[in-house]
Each structure stands twice: as structure tokens, then as C-alpha cells.
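What follows is each chain in one-letter form.
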2 protein chains.
Amino acid sequence: MKRGLIDAEVIRDRLQSAFDPSLVESTGARLASLLARHLDRIQSEQVGVMRWQSPAEQVERAAELLGEGGAPDLDLTALVERFETLVEKALKQGNQLHHPGYIGHQVPPPIPMAAWFDAVGAMTNQVMAIYEMGPWAVAMEQAMVERLGRAIGWRSGAFSGLITHGGNLANLTALLTARNVALPDSWAQGLTGQDESPALLVQSDAHYGVTRAAGILGLGEAAVIPVPVDSRRRMDVSALLERLGRCRREGRPVIAVVACACATPVGAFDPLPAIAEACRAFDVWLHVDAAHGGSALLSRHHRHLVSGLELADSIVWDAHKMLYVPGLCAFVFYRHAGHAKRTFDQEASYLFDPTAPELEDYNVGLRTIECTKRAAAFGLWGVWSLFGEGLFADLVDLSFSMGMVFFERLERADDFEPLHRPQCNIVVFRYRPRQLNGASDQVLGEFQLRLRRRLVEQGEYYIVSTTLEGMGALRVTIINPLTTDRHLDGLLEALRREGQTMLSEG
Amino acid sequence: MKRGLIDAEVIRDRLQSAFDPSLVESTGARLASLLARHLDRIQSEQVGVMRWQSPAEQVERAAELLGEGGAPDLDLTALVERFETLVEKALKQGNQLHHPGYIGHQVPPPIPMAAWFDAVGAMTNQVMAIYEMGPWAVAMEQAMVERLGRAIGWRSGAFSGLITHGGNLANLTALLTARNVALPDSWAQGLTGQDESPALLVQSDAHYGVTRAAGILGLGEAAVIPVPVDSRRRMDVSALLERLGRCRREGRPVIAVVACACATPVGAFDPLPAIAEACRAFDVWLHVDAAHGGSALLSRHHRHLVSGLELADSIVWDAHKMLYVPGLCAFVFYRHAGHAKRTFDQEASYLFDPTAPELEDYNVGLRTIECTKRAAAFGLWGVWSLFGEGLFADLVDLSFSMGMVFFERLERADDFEPLHRPQCNIVVFRYRPRQLNGASDQVLGEFQLRLRRRLVEQGEYYIVSTTLEGMGALRVTIINPLTTDRHLDGLLEALRREGQTMLSEG
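Asks: Explanation requested: the overall build of chain A in the structure shown.
Replies: Helix and strand counts for chain A come out as 16 helices and eleven strands. Here chain A has a C-alpha radius of gyration of 25 Å; the compact-globule value for 506 residues is 23 Å, and the two agree. Considering only C-alpha atoms, chain A reaches an extent of 75 × 70 × 45 Å along its principal axes. Sorting the 506 residues of chain A into buried and exposed places 67% on the buried side. Taking the contacts inside chain A whose residues are at least 6 apart along the sequence as the reference set, 74% of them involve residues at least 24 apart. Accessible area of chain A: about 16400 Å², with a carbon and sulfur share of 46%. Computed over 49 positive and 61 negative side-chain charges, the inter-centroid distance for chain A is 3 Å.

Laid out in C-alpha cells, this is it:
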């Protein structure tokens, strides 16, 4: 590389505006009013929950704006104006999760303040891997791990935990740890030398990320042995015991039993105490995917759903679900603190400073897949420190109670069929008007999926669909605190209206 | 679950303030001035780059603030005040990457506006997995993939790409794809049935995340065959050919060759055209970790460093390094578009809507480890659309040229020794005062590490250390556009001052 190719001072002058504090102040103030006005319009339903557009059109628009970037002579005023245009476009083209008609995914309308706290971490880039890169980020993460771990029922110092980027990565991390504990040579030697096929005993309704983890970890999808569910879609413990016994007889090493609190399809909570007893009897690692339901630990009325969670060896708990922070903030917990060091049975000392061994416990890169890692605790720590723990109890209690409110409405209606008695805020159901009496399961199932798509593209309500026993169904997660009884009635009315139109159109 | 346990209206009233648009506006305006003032003080060096504190103390402070959260009777004014206290604490306790004395990790002081754009994505929670969850987030990601893929030199439609949460996860994703292509049964059947031990041929200076990926994927660390480097720490291609030949003779399947652009220790760029030719001759997947150096593609003067990158089968390129956006925004690219579908050889159709198969290409969860995924393109798309592509050329050109500026200073100084001629903005060197003449390698190496720690805890400059050939050394990444020649001189002076104090203290 030669010197003198460039004039550093000329470039620094050009770069000045991109790092200018007064631009940060002007655009930030503008952003605050844009977002406030936007939230106000969404919450009061002045706009729809979604403006459906084809992906190709959206990509084209995003590419166009990208291509128009950067007239080099833009002054502060022009930059603020362009910033406003870009933000308004993004707000308009996105989904409106704060709309009371959003009753869809297990993804909340976040507590808005969490995004302001996240912005502090982003603008100052408090990333981690090692303590010195993000000392306050590490401190917030550890403080949250400690607080939530105690909510599980564990004793300070005995357990450990970390935050990673999403439930899939969290499940992968915990199952990697379980693999390394069950097959101690697997990290160094790989699985090719392994004689017996390992097994992963998985609640049959578990999230696809668990089977995906088996594929990633070299166990193979074939390692997954589904454990059937009972009539309420909770793990059948006698079936689990039978499978554990069979693995023992066949000499198959069991990596882990994976239970759910709750499982995705209908939000069913597995009977954890009985499952934990089975695991203890067979000396097998118990992993609980409590991504959605872990937050019941903070509730005033629903803690019983996760009774026994403290018996798990590893737990996944997503704060970006029922703790209402923006994605992603997924916790992994280990009952035994030392297990966190087994995830990567790796000598990584060169990352870390041999002159400061006392920092090792705070160098999170030793325990997380990420090296450079976002300060993912910022939003949760900030909101908790601002509003207090009671906020989370309220959010869980309100949303879980609304599941039952909706279920009762479905029961009362002649033309709707609830498919289960909800344990939380997830409810699965079908629209079954008279005209479809006698229709085949396939016709009835496909009707639900087409009805859902029609409703969503129409923009007033946003719900999702699922497939139960091979048959399509409608599914809601009542996760917006602004969604009231009136909106649930409105949803049923909208489904009737769109459904009847579909039927009349043939 | 019983109804009637709670009064929904009472809870909604309590929750009102947490979702109140006027609180968002007041705190946002406050945040804008706090951050602007903070940046101004940092950039003008009114405070230090870091206030060193022990991790235990920091965790205690974070836990205290958490415990004080949420007097239930807080009004708007009190909430804004408490918000301000929390933000100020975070700004004070964190690191100051925008300080010109920050010359440390391969982590930039981000373009501040990127954080405002990220805040839009966070507050409205435009997460992905499937298109309909974050249509605009998908559009921005695809627009960026298209733009950067064309910068690599690829043709629209022929390649594909995605964003994931960090370089380690990006390397893992690409190597998982390579594993599934090389060992087609490995996804379904796992590796336990595999007869021959697979091999991963890895530049010996490659990031620890590559060996970690081998451990995660069930290949085992033993699968990693290091390929030696030449005197400039670039991959030795004749050694690569020898190892490829040996694997063929032994019947060992080669998962991939992993090259670096550039490697972490001294920022050396591998000779990609020759490596690609070797891979082609042996029909082996070429993966290039261009996390740091990929951005040279946008430079006016350094594009030649990554010549041949277009021949790779997969590439990792971190926007949160030399494109100056906050962590995390890591791109994975595949030369052949279809390879992105091999990462998870998984039937995941139940995630997706059979009534809308045309959306499949936009359902990113089919190709990323994350299910719920942050709108990670927001910051990059926003900054690019605001300032234009020239901004990135300037950032790369300025920082890379400063590497040479620093190198020349080290050469001129009697008491400093540069350990390589830099190819980019990473420079490794040692302080070698007269008093250490004749010291053993071990004494000299340990002196560098202790000198670095002393400097960092003192708070005026932040640099890092590394170990080359088993011997400690000082290392800088000149990544702050505000770092000028004056600061580089000041750094050498500070090292001399602290070093001499250490020597005088014995």
C-alpha cells in the first residue's frame, strides 16, 4: 500500500457530517416526534395493521432509495429532510405491531422505551466478547441473568446464563452443551468416530429449531425421536419413559430430553416435574424450551404453569417474546454454572488477556456463539429499571387472561370451533360455517389458510395459521395489551364477513 | 386457567404509561440531546476513552438500578428524569469508541445515524423469519445483498446472500452449507455413520470461530488441518496444494478450504486467485472470511487486496466492521444462489404458507439460523440511503491509509518495532526500549501485554494485544476517522511514558 494516494484531511472534511453531533441531535428530535405520532396513529387505529405488497415491489423500492443516496453537497437541513423521508417510508411499508388488530405471531409490540435504550447501546457500540469491550453491557447482562435465574428458583452462584440472538440460537447453544456433556469426545474428535447413534428425545410439537439443531450439530435429524403428546398436546410421560428405556436397552446415548413450556402449536405446557423425574431416573439432561412461557415465572397468577422448570439442566427463555422487548434477546440458563464452560470445549485463551485471568468469568465470548455481540440486554435492563418488575407481571397476566376471553367467545359462537382449552395467550380455532358441514378435512383445512391470507391482505387484522394433525387452522397470539374484547369480537366478525364472501365467490 | 382472576381494565390503565406516545416523544427528544452532547464531549476528548472498573463493581451497580425500578406512581416528568439518569449512567460506564484515542478492536465507532435507523426497526419490531412479519426489513436486506453482491463482481440473480448476527454465526452458516454439500447425508443421518474423517483446510491465522464451527458441526476440532502462512502471514499456496493432495490420497473428504481477507492477527490478505485455482483443481469448496476486508470492495484504492474474492463459493463480510454500522450485521454470500437452500436440508414447510408459494424466496428463516430475526439491515440501508456509497469508500480509504502512516512512524522510532508491513488498518508492533535489549522473548512478550493493560486502565488510549509466534505484541486497528497523526504520536509517547514507569518500578 502506498502513501500519498489520498489526502486524509480532505476525506476527514467530507466525513465530518456523518459524525456530526448536531446532526444526531436534529434527526433524533425529529425521530422522536415521528415515532410518537406514528404510535399514536397506530394505537388509535387510524391506519391498518399491514399494507400488503408483493415482496418484489418492496425490494425495488428499497433499492431505489439506496441508489438515490448521497448527493455530496447535502447540508444539515437537507440531511434532516432526507432522514425524515426514509423513516416515514420505513414506517409506512412495515407492519404495525402496536395496532390492536395485531393478534398474530409470538412477537410482541415492544415497550417503546426499550428501543431508546437499545439506541444508546447501538450508537456507542457497546459490543462484547470480552469484558473490556463492553463493560456496562456485560454488567447489565449479568444483572439480568442473576435476576431471572432467581425467578426460576435458583440460588445465586449455583447457576449461570447468557443472552444470545434468538430462540433458535439459544436452543442450539444449550443442546451443543448437552451434546458435549453426553459425548465428551465430540468437540475434539467429531462424531465420525462415534459407534452408537445418539438420540434426542423431543416433544413432538417442539419448535422446528430443535430438529434443526440436531442437523447442525452433526447428530442428524435421524437422532430426533419424537415423544407423543396427550390429548391436550402435552408430553406423554409414559411414552417418554418407554423411549428412554428403549434407548438404554439399545445402548443409544441420549443427548437430552427436550420439553416445552410452552410448545408452539397450541401453547401447551409440559408436565415438568414428572419429566424431570424421568430424566433423573435415566440420568439424562433435561432441556426446556421456555422461550414463550418462561415469563410466566414473573406472573401473579400463572407461575404454576412452569412449576418444575427449576429442575431443568438448561432452559431457553426469550425476553423478546413475553417480556415485550424488541428482538433479539434470548436467554440460555444452566442449572449448574460450570456447564456454560462446556459449550465450546475450546482453548480460546488467545482471545483473552493472560495478564488478567480474573476477568475470565466476564468474557462472554467464551460461552456464546457470537464473538462480537450486541449489548442485547440494554432494552430489558432499561425498561425493568424504569418501570419495575410489576410491569412484566401485568403484561403476562393481561395477555394470558385474554386467551381465555377469546376461547369463551369461540365456544359461544355456533360457527367457530376452538381446538383446545388455552393455557396461555395462544388460541387455535377454525371457522366452520353451516355451508362447510360435511366438507372433508382437507377442504376445511385449506379453507382456513385461504381465509387467513385474505384477512391479512385486507389489512384490518393480522392473525396466523397452523396445521394440527395435518389439517389447517387459524391461530392467534393475543400479545397486544391494547387488544380488547371489542377487537376480538371484531376479528370474528371480519372472519365471518370474509369467509362468507369466499363461499359466495365459490 | 380461570377468568376473573384479574381486572383487565385496571391492568390496561397501569400499562398505559409504558406504551404512551408522549413519553416516547419526551424521552426521545431528551435522548437526542444527551447523545449529541456525549458525542461532542467524546470527539473533543473532554473525557477519556474508558473508565476502568472491576466487573464485579459494574454488575453490582447495574443490579442496584434494576432493583430500584418502578415506583408505581411515577408520572411523565418523573419517568423522563429517571430515563435520563439511566442513560447517563450507561454512557458514563461504557467505552467511548468515538474517542480519537480508541485505536483498538476491529469494531468501529459507528456512524451515529445508523443507530437512529436501527431504533425505527426496534421500536416497531420488524422481525423476520417469514416475509409477512417484516416486509420492509426483508426488502432492505435483499436490496443490500443485491448491492454488495454486485460489488463482489457477481451477476444479479446468480448469487444469493443473507444477514446474520455476527461473523462467527456467518462462518458457521457458510461452513454448515459446505458440510451439507460435501457430505450430502450429514443433515439427515448425522456424522456418526461417516466412514472417513472429514477435513477442513484452514489458514493457520484464521479466526477462532472457524475451529469453533468445526466443533459445533460435529466435524470436531481434529478435522481442522492448518495451512501454514508465508513470511507475510498469507496462506502458503504450495502448502495448501500439498495438503489437498494428501487428503485425496487418504480418501478424506474436504469440507472446505478457508481463506482470509484479511486474517485477524496482522490483517494479511490471502492470495485468492491462486487459492481458488487450487480449490477448482481439487473440486473443493472455497470459503473466504472477508469479515474485515470485504469492505475493500468499495474502496477507491484498495480493491486489489480482494481480487479473486468473486471466485469463492461462500463469503462472510461484516458490515459492523469496516462499513461502520453498529453490531451486528454480518453478511453471508453464496456464489451459486441455490446453495443457500442447502444450509438446512430441512423440510420446514409448516413454518410457511402453502397458499403463497411465491413468497418462499423471501422467507429468510429458510436460510438463516435465526427464526425471529432482527431487522439487521436497517442501519446500513439507512446510512447508505442518506449519505451514499462514497461515504464507505472514504471510511475504508482513510483508515487503511492511516495504517501506513502509523507503520512509518514505528519504522522511524528507535524504540518501536513494527512486526509487518501493513496491508490495511491493522498494525502489530512492540515497544523495545534500550533497557530490554537482550531480554528473552518471553520477558519481552509479557512486557507488551502488561504495558497494554496499564495503558488501557489509565484511560487515555485504548489499544489491544495479540500473540505472534507465541510472543506477546501490541496491536492497533486504526478505525476512528477522527484519529489523526497527532493521536498516533501521542500513543507512542504514552507507551514510552508508561513503559519507562514500569521499568523504573521494576
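Asks: Got a minute to help me understand the interface of chain B and chain A in this structure?
Replies: Interfaces are often sized by the amount of accessible area the parts lose when they come together. Between chain B and chain A, the residue contacts involve 179 residues of the former and 179 residues of the latter. Carbon and sulfur atoms make up 68% of the surface buried where chain B meets chain A, a total of about 15300 Å² over both sides. Across the contact surface, chain B and chain A share six salt bridges. A salt bridge links A:E132 to B:R452; its shortest N-O distance comes to 2.8 Å. Here chain B and chain A share 50 residue pairs in polar contact (both at pLDDT 80 or more) between them. Residue contributions to the side of chain B that touches chain A peak at 16 residues, all from helix α2 (residues 21-43) of chain B. Its residues placed into classes, the side of chain B that touches chain A shows 101 nonpolar, 50 polar and 28 charged.

Asks: Looking at this structure, how should I read empty space enclosed by the protein?
Replies: The rolling of a water-molecule-sized probe over the atoms marks out the regions of remaining empty space. Enumeration over the complete set of coordinates arrives at eight cavities of 30 Å³ or more. As for the largest cavity, its lining consists of 24 residues, and the residues nearest its centre are A:D118, A:R374, B:D118, B:A122 and B:R374. Broken down by secondary-structure element, the contributors of at least two residues to the lining of the largest cavity are α5 (112-124) of chain A together with α5 (112-124) of chain B. Broken down by element, the lining of the largest cavity gets its largest block of residues, five residues, from α5(B). Here the lining of the largest cavity is built from residues that sort into twelve nonpolar, eight polar and four charged.

Asks: What's the story with the packing of helix α7 (residues 167-182) of chain A against helix α9 (residues 208-216) of chain A in this structure? I'm lost.
Replies: In a packed pair of helices, the relevant descriptors are the angle between the two axes and the axis-to-axis distance. All names here are of chain A. Two elements in contact, α7 and α9, have axes whose closest approach is 9 Å; the angle formed by their N-to-C orientations is 50°. Classified by the angle their axes make, α7 and α9 are oblique. Considering the relative orientation of α7 and α9, their crossing is right-handed. On α9, the residues touching N168, N171, L172 and L175 of α7 are Y208, G209, V210, R212, A213 and I216. Of the residues in the contact of α7 with α9, the class split is six nonpolar, three polar and one charged.

Asks: How should the sheet that holds strand β6 (residues 314-318) of chain A be read in this particular structure?
Replies: Sheet strands pair via backbone hydrogen bonds, and the direction of the pair is either parallel or antiparallel. Residues and elements named next belong to chain A. Taking strand neighbours across the sheet as the criterion, the seven strands line up as β1-β7-β6-β5-β4-β2-β3 in an open arrangement whose pairing is mixed. Pairing within the sheet leaves two strands with one partner each, and these edge strands are β1 (160-164) and β3 (224-227). Averaged over all neighbouring strand pairs, the angle between strand axes comes to 20°, with direction disregarded. For β1 and strand β7 (residues 330-334), the ladder comprises five bridges, and the chain directions are antiparallel. When the bridges of β7 are listed, G161 appears paired with F333. Here helix α10 (residues 237-250) sits on the sheet in contact with β2 (199-203), β3 and β4 (254-260), set at roughly 150° to β3.

Asks: Even after reading the chapter, I still don't get the sheet that holds strand β11 (residues 471-477) of chain B, so can you show me in this structure?
Replies: All names here are of chain B. What the four strands build is an open sheet, ordered β8-β9-β11-β10; its pairing is antiparallel. In this open sheet, the two strands that pair with only one neighbour each are β8 (416-418) and β10 (464-468). Strand-to-strand twist across the sheet, computed as the mean angle between neighbouring axes with direction ignored, equals 40°. Bridge analysis of β8 against strand β9 (residues 426-431) gives three bridges, and the strand direction is antiparallel. Opposite P418, over in β9, you have F429 as the bridge partner. Packing against the sheet, helix α15 (residues 441-458) makes contact with β9, β10 and β11, and its axis sits at approximately 35° to β11. Running over the sheet, helix α16 (residues 485-505) touches β8, β9 and β11 and is turned about 30° from β9.

Asks: Mind showing me how you'd approach the domain arrangement of chain A here?
Replies: Residues and elements named next belong to chain A. When its domains are assigned, chain A resolves into domain 1 (119-388) and domain 2 (391-504). Computed over C-alpha atoms only, the centres of domain 1 and domain 2 are separated by 31 Å. Each partner contributes residues to the interface: domain 1 has 27 residues there, and domain 2 has 22 residues. A combined buried area of about 2200 Å² lies between domain 1 and domain 2, and 63% of that area is made up of carbon and sulfur atoms. Considering only the surface of domain 1 that becomes buried against domain 2, V266, M322 and Y324 emerge as the three largest contributors, covering 27% of it.

Asks: Sorry, what's going on with the side chain of A:D313 here?
Replies: Residue and element names in this part refer to chain A. Checked against the element boundaries, D313 lands in the loop between β5 (286-289) and β6. Here L286 takes part through its backbone nitrogen, which lies 2.8 Å from a polar atom of the side chain of D313. Side chain to side chain, D313 and R335 meet in a polar contact 2.9 Å long. Those residues in contact with D313 that sit more than four places away from it in its chain are V284, W285, L286, F333, Y334 and R335.

Asks: Whenever I open this one, the relation of the copies chain B and chain A confuses me. Can you help?
Replies: A rotation about an axis combined with a shift along that same axis relates the two copies of the chain. Of the two same-sequence chains, chain B is brought onto chain A (RMSD 0.0 Å, axial shift 0.0 Å) by a rotation of 180°. What the rotation and shift describe, once combined, is the action of a two-fold rotation axis. A share of 100% of the interface residues of chain B reappears at the interface of chain A, consistent with the copies meeting face to face through the same patch.

Asks: It is not clear to me how the environment of A:P418 should be interpreted in this structure. Could you clarify?
Replies: Residues and elements named next belong to chain A. Mapped onto the secondary structure, P418 falls in strand β8 (residues 416-418). A sequence separation of ten residues divides P418 from E408, and the C-alpha atoms of the two residues are 8.8 Å apart. In contact with P418, other than residues within four places in its own chain, are F407, L410, E411, V428 and F429.

Conventions and cut-offs
- Residues numbered from 1 in each chain as written.
- Chains lettered and ligands numbered in written order.
- Predicted model: local features only at pLDDT ≥ 70, side-chain atom pairs only at ≥ 80, totals over all residues.
- Heavy atoms only, no water.
- Helix = DSSP H or I, 4+ residues; strand = E, 2+ residues; numbered from the N terminus.
- Rg over C-alpha atoms; globule rule 2.2 N^0.38 Å.
- Buried < 20%, exposed > 50% of the residue type's maximum accessible area, 1.4 Å probe, protein only.
- Contact = heavy atoms within 4.5 Å.
- Areas by Shrake-Rupley, 256 points an atom, 1.4 Å probe, with all protein chains shown as cover.
- Lys, Arg positive; Asp, Glu negative; His and termini not counted.
- Charge placed at Lys NZ, Arg CZ, Asp CG, Glu CD.
- Buried area = accessible area lost by both parts, 1.4 Å probe.
- Salt bridge = Lys/Arg side-chain N within 4 Å of Asp/Glu carboxyl O.
- Polar contact = N/O pair within 3.5 Å; in protein donor to acceptor, adjacent residues only side chain to side chain.
- Nonpolar A, V, L, I, M, F, W, Y, C, P; charged D, E, K, R; others polar.
- 1 Å grid on protein atoms, 1.4 Å probe; cavity = no way out; pocket = protein on both sides within 12 Å on 5 of 7 lines; lining within 4 Å.
- Points joined across faces, edges and corners; volume = space filled by probe spheres on them.
- Axes fitted to C-alpha atoms, helices over the stretch in contact; angles between N-to-C directions.
- Parallel < 35°, antiparallel > 145°, perpendicular 65-115°, else oblique.
- Left-handed = near helix turned anticlockwise from the far one by under 90°.
- Pairing = 2+ DSSP bridges.
- Domains from an automatic or database assignment.
- Least-squares fit on C-alpha atoms with pLDDT ≥ 70 in both.

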